[in-house]
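Chain and residue survey
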Amino acid sequence: MSTKEQSATLLRLNKQEQVKALQAVGFADITENSRASEFPNRIKWATGLLDMRVACNRISDNSKWYFTREEWNSLTPANKLKFIRRGLCIRAHSQSFVIAAQECYAADLSSSFYWGGLGKTIDGLSAKMLGKMYTCFTGKEDTRLILDALKGTNSNGVEGAPAAEAAVAYKAFTLDGDGLEDDTEWFLPSSGQMMIMYRYRDQINEMLRAFWSSDSMLLTDKYYWTSTYYDTTNAWTCNLNTGHMTVQNKNTSLLHVRATAEDKPIKNSEFMTD
C-alpha cells in the first residue's frame with residue numbers, strides 16, 4: 001500500500017471514529033457522508049453553547065426563520081416587519097430548542113399552576129432520581145404522556161394537568177391578534193432543558209432584552225415546573241436564578257411555566273430584500 005493510500009485510509013478511519021463519537025452524543029444526522037468541516041461546530045455544540053438566535057415566522061407563508069443578533073440588526077425596518085418573533089432558539093450541549101418569549105398565563109391572568117395528578121401513576125414516565133434528571137431531554141414526549149394520562153381526571157380538586165396544559169396552549173402570536181396563527185408545538189420543558197436555561201440564563205436574558213427591548217421577558221428568580229417525573233406525589237422543579245433543582249408536591253405547589261419547543265435552526269437560504 002502506498003503512502004498516499006495509507007494516509008487516505010487513516011483519514012477515513014479517523015472520520016469514522018469522529019462520526020461515532022458525534023452520534024453517541026445525540027447527532028444522529030451526522031454520517032460518514034457529512035462534511036468534516038461541520039465537525040468543529042458540532043463538537044462545540046456538544047460541549048457547551050453553540051449559539052442563540054431569534055426564532056421567527058415569516059408572515060407571508062408562516063415559514064420558520066432564525067437570525068443571530070447581528071443578522072437581525074442588519075435587516076431594514078421594512079424587512080423586520082415581514083416577521084413575527086416566536087421565541088429564542090438556543091443550541092447547547094447537543095440540544096436545540098426554542099424558549100418562549102413570555103411565561104404562560106391562565107385565562108384569569110394568573111401565572112402559577114399546579115402540576116396535577118397527585119397519586120396517579122403515568123405509564124411511560126420513569127422516575128428520575130438526583131443525577132439522572134440532569135440528562136433528561138424528553139420534554140415533548142413526557143408532556144404528551146402527562147396530558148394523555150391526566151385528561152379528564154380530578155386529583156384532590158385539581159383537574160387534569162394544569163402546568164402541561166398551560167405549556168401546550170401557549171401562543172407566541174395569534175390569527176386574531178397578529179394576523180398569523182402560531183402552529184408551534186410548545187411543551188413543558190424537561191429537567192435537562194431547564195438546566196440549560198439556567199446555565200446560560202445571563203446570555204439568554206441579554207438576548208431576550210436585545211430582541212424584545214423589554215425586561216418583562218427575562219428569566220427571573222422563580223421556581224418553574226418541569227415535565228420530569230419524580231414519583232406519584234412530586235415532580236422536579238428548577239429555580240432559574242440559582243439553578244436549584246428540587247421536587248415539589250404536584251397538587252400543593254403553585255409554580256410558573258415557561259414553554260419550550262423543539263426546533264432545528266438552519267441557515268436562512270433566501271436573501272432578504274425590500
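Residues numbered from 1 in each chain as written. Predicted model: local features only at pLDDT ≥ 70, side-chain atom pairs only at ≥ 80, totals over all residues. Heavy atoms only, no water.

**A word on the side chain of Gln 193**
Note the cut-off: Secondary structure elements follow DSSP: runs of H or I of four or more residues count as helices, runs of E of two or more count as strands, with numbering from the N terminus. Categorising residues by exposure relies on relative accessible area from a 1.4 Å probe, with only protein chains included: less than 20% of the type maximum marks a residue as buried, more than 50% marks it as exposed, and the intermediate range marks it as partly exposed.
Following the sequence through the fold, Gln 193 ends up in helix 8 (residues 191-199). The exposure class of Gln 193 is buried, given its relative accessible area of 3%.

**Brief notes about the packing of helix 5 (residues 139-150) against helix 6 (residues 162-169)**
Selection criterion: Each axis is a line fitted through C-alpha atoms, and for a helix only the stretch in contact is used; angles between axes span 0 to 180 degrees, taken between their N-to-C directions. Comment on the angle field: the value is read as roughly parallel under 35 degrees, roughly antiparallel over 145, roughly perpendicular from 65 to 115, and oblique elsewhere. By the definition used in this description, the sense in which the near helix is turned from the far one sets the handedness, with an anticlockwise turn below a right angle giving left-handed and a clockwise turn giving right-handed. Note on contacts: a residue pair is in contact if any heavy atoms of the two residues lie within 4.5 Å. Any residue that is not Ala, Val, Leu, Ile, Met, Phe, Trp, Tyr, Cys, Pro, Asp, Glu, Lys or Arg is counted as polar, Gly included; the first ten are nonpolar and the last four charged.
Between helix 5 and helix 6, the least distance of the axes is 9 Å, while the angle of their chain directions is 120 degrees. Looking at the two axes, helix 5 sits oblique to helix 6. Crossing of helix 5 over helix 6 shows left-handed handedness. Here Thr 143, Ile 146 and Leu 147 of helix 5 lie close against helix 6, whose contacting residues are Ala 164, Glu 165 and Val 168. Its residues assigned to classes, the contact of helix 5 with helix 6 shows four nonpolar, one polar and one charged.

**As for the sheet that holds strand 2 (residues 64-67)**
Under the convention used in this document: Two strands pair if DSSP finds at least two bridges between them.
Here five strands make up an open sheet; going across it, the order is 2-1-3-4-10 and the pairing antiparallel. Of all the strands in the sheet, the pair left with one neighbour each is strand 2 and strand 10 (260-262). Adjacent strand axes in the sheet meet at a mean angle of 35 degrees, parallel and antiparallel pairs treated alike. Bridge analysis of strand 3 (residues 83-92) against strand 4 (residues 95-100) gives six bridges, and the strand direction is antiparallel. Bridge pairing links Ala 92 to Gln 95 in strand 4. The strands touched by helix 2 (residues 39-47) are strand 1 (49-58), strand 3 and strand 4; relative to strand 1, the strand with the most contacts, the crossing angle is about 95 degrees. Contacts between helix 8 and the sheet are confined to strand 3, strand 4 and strand 10, with strand 4 contributing the most and set at about 75 degrees to the helix.

**Side note on the pattern of salt bridges**
Here is the rule: Salt bridges, as used here, are contacts in which a Lys or Arg side-chain nitrogen is within 4 Å of a carboxyl oxygen on Asp or Glu.
What the rule picks out here adds up to 14 salt bridges. In this structure, the salt-bridge partner of Arg 53 is Asp 51, at a minimum N-O distance of 3.3 Å. With respect to burial, Arg 53 and Asp 51 carry one shared label: buried. One salt bridge connects Arg 91 with Asp 51, and the closest N-O pair in it is separated by 2.6 Å. Here Arg 91, found in strand 3, pairs with Asp 51, found in strand 1; they are 40 residues apart in sequence, far enough to count as distant. Exposure remark for Asp 51: the relative accessible area of 16% places this residue in the buried category. Ionic contacts of the salt-bridge type, sharing partners, join the residues Asp 51, Arg 53, Glu 71 and Arg 91 into one network.

**Looking at the sheet that holds strand 8 (residues 234-239)**
Two strands in a sheet stick together by hydrogen bonds in their backbones, pointing the same way (parallel) or opposite ways (antiparallel). Taking strand neighbours across the sheet as the criterion, the three strands line up as 7-8-9 in an open arrangement whose pairing is antiparallel. If you trace the sheet from one side to the other, it starts and ends with strand 7 (223-229) and strand 9 (245-249), each paired once. Taking each pair of neighbouring strands and ignoring which way they run, the sheet shows an average axis angle of 45 degrees. Bridge count between strand 8 and strand 9: five bridges; the pairing is antiparallel. Looking at the pairing, Asn 234 lines up with Asn 249 of strand 9. Contacts from helix 8 reach strand 7, strand 8 and strand 9 within the one sheet, and its direction differs from that of strand 7 by about 145 degrees.

**Some remarks on the packing of aromatic side chains**
We count it as follows: Pairing of aromatic rings covers Phe, Tyr and the six-membered ring of Trp, with a centre-to-centre limit of 6.5 Å; geometry is then stacked below 30 degrees between planes, edge-to-face above 60, and tilted otherwise. Only lysine NZ and arginine CZ atoms are considered, and such an atom sits over a ring when it is within 6 Å of the ring centre and within 35 degrees of the ring normal.
A complete count under the given rule lists seven aromatic pairs for this structure. Arranged with centres 6.4 Å apart and planes meeting at 85 degrees, the rings of Phe 211 and Trp 212 form a pair that is edge-to-face. On the accessibility criterion, Phe 211 (3% relative accessible area) is buried. Each residue in the set Trp 65, Phe 67, Trp 72 and Phe 83 is aromatic and connected to the rest through ring pairs, giving one cluster. The residue whose ring lies beneath Arg 91 is Trp 45, and the NZ or CZ to ring-centre distance is 5.0 Å.

**A closer look at the packing of helix 8 against helix 9 (residues 201-212)**
The geometry of helix 8 relative to helix 9 is characterised by a closest axis approach of 5 Å and an angle of 75 degrees between their N-to-C directions. If you check the angle between helix 8 and helix 9, you find them roughly perpendicular. Residues Met 197, Tyr 198 and Arg 199 of helix 8 lie in contact with helix 9, whose contacting residues are Arg 201, Gln 203 and Ile 204. Of the residues assigned to the contact of helix 8 with helix 9, the class counts are three nonpolar, one polar and two charged.

**Focus: unusual backbone geometry**
A positive phi is found at His 93, a non-glycine position, where the angle reads about 50 degrees. When you line up the elements, His 93 lands in the loop between strand 3 and strand 4. Given a relative accessible area of 19%, His 93 falls into the buried group.

These values are about where atoms sit, not about what they do.
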